[in-house]
Number of protein chains: 2
Amino acid sequence: MENPEASPHRSGCPINLGLEVFGDKWSLLIVRDMMFSGKRHFREFLASDEGISTNILADRLVKLVEAGVLTRAGDPAHKLKAIYSLTEMGIELLPIVAEISRWSRKYQPVDPQMAATGEARDRGGPGAVAAQMEALRRIHLNGEI
Amino acid sequence: MENPEASPHRSGCPINLGLEVFGDKWSLLIVRDMMFSGKRHFREFLASDEGISTNILADRLVKLVEAGVLTRAGDPAHKLKAIYSLTEMGIELLPIVAEISRWSRKYQPVDPQMAATGEARDRGGPGAVAAQMEALRRIHLNGEI
DNA sequence: CTCCAATGATTGCATTTTGCAAGCGATTGC
DNA sequence: GCAATCGCTTGCAAAATGCAATCATTGGAG
């Protein structure tokens, strides 16, 4: 073959590598739902306002798990249910999500009700993001990272 | 008509509204090139490592101008050249880009050379982002915002 | 003037991704 | 049993993307 070690990446630029993981219109919405709405199940993600379709959702969940942002586990009580959890890598997407929220609240026609949690985080100062990440760790990382 | 006031947005969520503007694999790369490489012309964007194609680049430039992130002006010295500038809205994407850079430098196989500017910004502390934004204002906003 | 390279795009076409609705097998609750 | 619910797949049309060729206009060199 011509190039047996071809890189799967368009470039080694940090911005580009991030976009290769979550640079689409859906991935960060799934992460958002896990962070701010406590969603963990396929059917819960499906019920979001933006109306993701089942095939796109299934595809993104697989890709996010492959990327190491989420993990997938069977619900011990309900064999049918799959439980998705944020990894530490996924939890550390919160600063990005928080900055997107800040930007949109300044420049986009956001729904005031949906802007409330972001405004509260801003009022909480620099420690609010860290505190929110720590809370997510307790929920998603059963103690260990 | 059924719904004369249909919203063009999937939802009023801040995260979603941000993704509707730059939630794709190319838009933020154009912004990155303007911020960190001083690129202002079509042909310069075209020369990036990731290899954007001409039709996609033209499409994104139009959309970013429509969204208010960039402005387009003719080069007074060269009538053929179009000069793109960041607006204040575009400059305020820097905190988002900086956080993406931080995340990728922690979790993705970034090129060390391309990571250097991000690392320097991190070493500069909280004021480094603000200083970089101020520098961009001087270049792109001829005095007024 | 004439030629030619360089400018910001546009076009045509094949491939990929998305959106949408229907359906699937397995499991649970009643 | 048996309907409802679970995560997920399939089929198919529409849209977005990737790629190469091409466009009209301009600027500069000779």
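Quick look at the structure, then. It should be emphasised that the depicted structure is a prediction, and the values quoted were computed from it without experimental measurement. (Residues numbered from 1 in each chain as written. Chains lettered and ligands numbered in written order. Predicted model: local features only at pLDDT ≥ 70, side-chain atom pairs only at ≥ 80, totals over all residues. Heavy atoms only, no water.)

1. Topic: the protein's contact with DNA strand D
Stage number 1. In the vicinity of DNA strand D there are 19 residues, among which Arg 43, Thr 54 and Arg 72 of chain A together with Asn 55 and Arg 60 of chain B approach most closely.
Stage number 2. When atoms of DNA strand D within 4 Å of the protein are split into backbone and base, the sugar-phosphate part holds 57%.
Stage number 3. At 2.7 Å from a phosphate oxygen of DNA strand D is found a side-chain nitrogen or oxygen belonging to Tyr 84 of chain A.
Stage number 4. Trp 26 of chain B places a polar side-chain atom, nitrogen or oxygen, 3.1 Å from a phosphate oxygen of DNA strand D.
Stage number 5. Of all the secondary-structure elements, those providing two or more residues to the surface near DNA strand D are helix H3 (42-46), helix H4 (54-67) and strand S2 (82-86) of chain A together with helix H4 (54-67) of chain B.
Stage number 6. With four residues, H4 of chain B is the largest single contributor of residues to the surface near DNA strand D.
Stage number 7. For the surface near DNA strand D, the per-class residue count stands at seven nonpolar, seven polar and five charged. (Near = heavy atom within 4 Å. Polar contact = N/O pair within 3.5 Å; in protein donor to acceptor, adjacent residues only side chain to side chain. Helix = DSSP H or I, 4+ residues; strand = E, 2+ residues; numbered from the N terminus. Nonpolar A, V, L, I, M, F, W, Y, C, P; charged D, E, K, R; others polar.)

2. Topic: the relation of the copies chain B and chain A
Comparison of the two chain copies shows a relationship of rotation about an axis with a shift along it.
Stage number 1. You can overlay chain B on chain A at an RMSD of 0.0 Å; the transform is a turn of 180° with a shift of 0.0 Å along its axis. What we have between these two chains is a two-fold relation. The C-alpha atom lying nearest the rotation axis in chain B is that of Asp 24 of chain B; the distance is 2.3 Å. (Least-squares fit on C-alpha atoms with pLDDT ≥ 70 in both.)

3. Description of the interface of chain B and chain A
Stage number 1. Taken together, the contacts link 45 residues of chain B with 45 residues of chain A.
Stage number 2. For the pair chain B and chain A, the summed buried area comes to about 4,100 Å², and 70% of that belongs to carbon and sulfur atoms.
Stage number 3. If you sort the residues of chain B by the area they bury against chain A, Arg 10, Ile 15 and Trp 103 of chain B come out on top, with a joint share of 17%.
Stage number 4. Between chain B and chain A we count two salt bridges in total.
Stage number 5. Of the charged contacts in the structure, one is a salt bridge between Lys 106 of chain A and Glu 92 of chain B, with a shortest N-O distance of 2.9 Å.
Stage number 6. Run the count over chain B and chain A and you get 20 residue pairs in polar contact (both at pLDDT 80 or more).
Stage number 7. Secondary structure elements with two or more residues in the side of chain B that touches chain A: helix H1 (14-22), helix H2 (27-36), helix H5 (88-91), helix H6 (94-107) and helix H7 (112-123) of chain B.
Stage number 8. Across the side of chain B that touches chain A, the residue classes tally to 23 nonpolar, nine polar and 13 charged. (Contact = heavy atoms within 4.5 Å. Buried area = accessible area lost by both parts, 1.4 Å probe. Salt bridge = Lys/Arg side-chain N within 4 Å of Asp/Glu carboxyl O.)

4. Regarding the packing of aromatic side chains
Stage number 1. All chains considered together, the criterion is met by six aromatic pairs over all chains.
Stage number 2. The interplanar angle of 75° and the centroid separation of 5.4 Å between the aromatic rings of Phe 22 of chain A and Trp 103 of chain B together place this pair among those described as edge-to-face. With Phe 22 of chain A in helix H1 (residues 14-22) and Trp 103 of chain B in helix H6, the pair connects residues from two separate chains.
Stage number 3. Residue class for Phe 22 of chain A comes out buried when judged on its relative accessible area of 4%. (Phe/Tyr/Trp six-rings, centres within 6.5 Å; stacked < 30°, edge-to-face > 60°. Buried < 20%, exposed > 50% of the residue type's maximum accessible area, 1.4 Å probe, protein only.)

5. Looking at the side chain of Ser 27 of chain A
Residue and element names in this part refer to chain A.
Stage number 1. Mapped onto the fold, Ser 27 is located in helix H2 (residues 27-36).
Stage number 2. A residue is classified by how much of its surface remains accessible, and Ser 27, at 2% relative accessible area, is buried.
Stage number 3. Separated by 2.5 Å, the side chains of Ser 27 and Asp 24 make a polar contact.
Stage number 4. Ignoring anything within four residues of it in the chain, the contact list for Ser 27 reads Val 21, Phe 22, Arg 60 and Leu 64.

6. Focus: the nonpolar core
Stage number 1. Residues Val 69 and Leu 93 of chain A together with Val 69 and Leu 93 of chain B are the most contacted members of the largest nonpolar core, which totals 68 residues.
Stage number 2. Not counting residues within four places of it along the chain, the set of residues in contact with Val 69 of chain B comprises Trp 103 of chain A together with Val 21, Val 31, Leu 64, Ser 85, Leu 86, Thr 87, Met 89, Gly 90 and Leu 93 of chain B. (Core = buried A, V, L, I, M, F, W, Y, C linked by side-chain atoms within 4.5 Å.)

7. Observations concerning the layout of surface pockets
Stage number 1. Approximately 810 Å³ is the volume found for the largest pocket.
Stage number 2. Lining of the largest pocket is provided by 23 residues; of these, Pro 95 and Glu 99 of chain A together with Glu 99, Arg 102 and Pro 126 of chain B occupy positions nearest its centre.
Stage number 3. Of the residues in the lining of the largest pocket, the class split is 11 nonpolar, two polar and 10 charged.
Stage number 4. By volume, the second largest pocket amounts to about 350 Å³.
Stage number 5. Of all the secondary structure elements, the ones that give two or more residues to the lining of the second largest pocket are H2 and helix H7 (112-123) of chain A together with H1 of chain B. (1 Å grid on protein atoms, 1.4 Å probe; cavity = no way out; pocket = protein on both sides within 12 Å on 5 of 7 lines; lining within 4 Å. Points joined across faces, edges and corners; volume = space filled by probe spheres on them.)

8. A closer look at the packing of H6 of chain B against helix H8 (residues 127-140) of chain B
Residue and element names in this part refer to chain B.
Stage number 1. Orientation of H6 relative to H8, taken along the N-to-C sense of each, is 130°, at an axis distance of 10 Å. Put simply, H6 runs oblique to H8. For H6 against H8, the interelement crossing comes out right-handed. Of the residues in H8, those touching H6 at Leu 94, Pro 95 and Ala 98 are Val 129, Gln 132, Met 133 and Leu 136.
Stage number 2. In terms of residue class, the contact of H6 with H8 is made up of six nonpolar, one polar and no charged. (Axes fitted to C-alpha atoms, helices over the stretch in contact; angles between N-to-C directions. Parallel < 35°, antiparallel > 145°, perpendicular 65-115°, else oblique. Left-handed = near helix turned anticlockwise from the far one by under 90°.)

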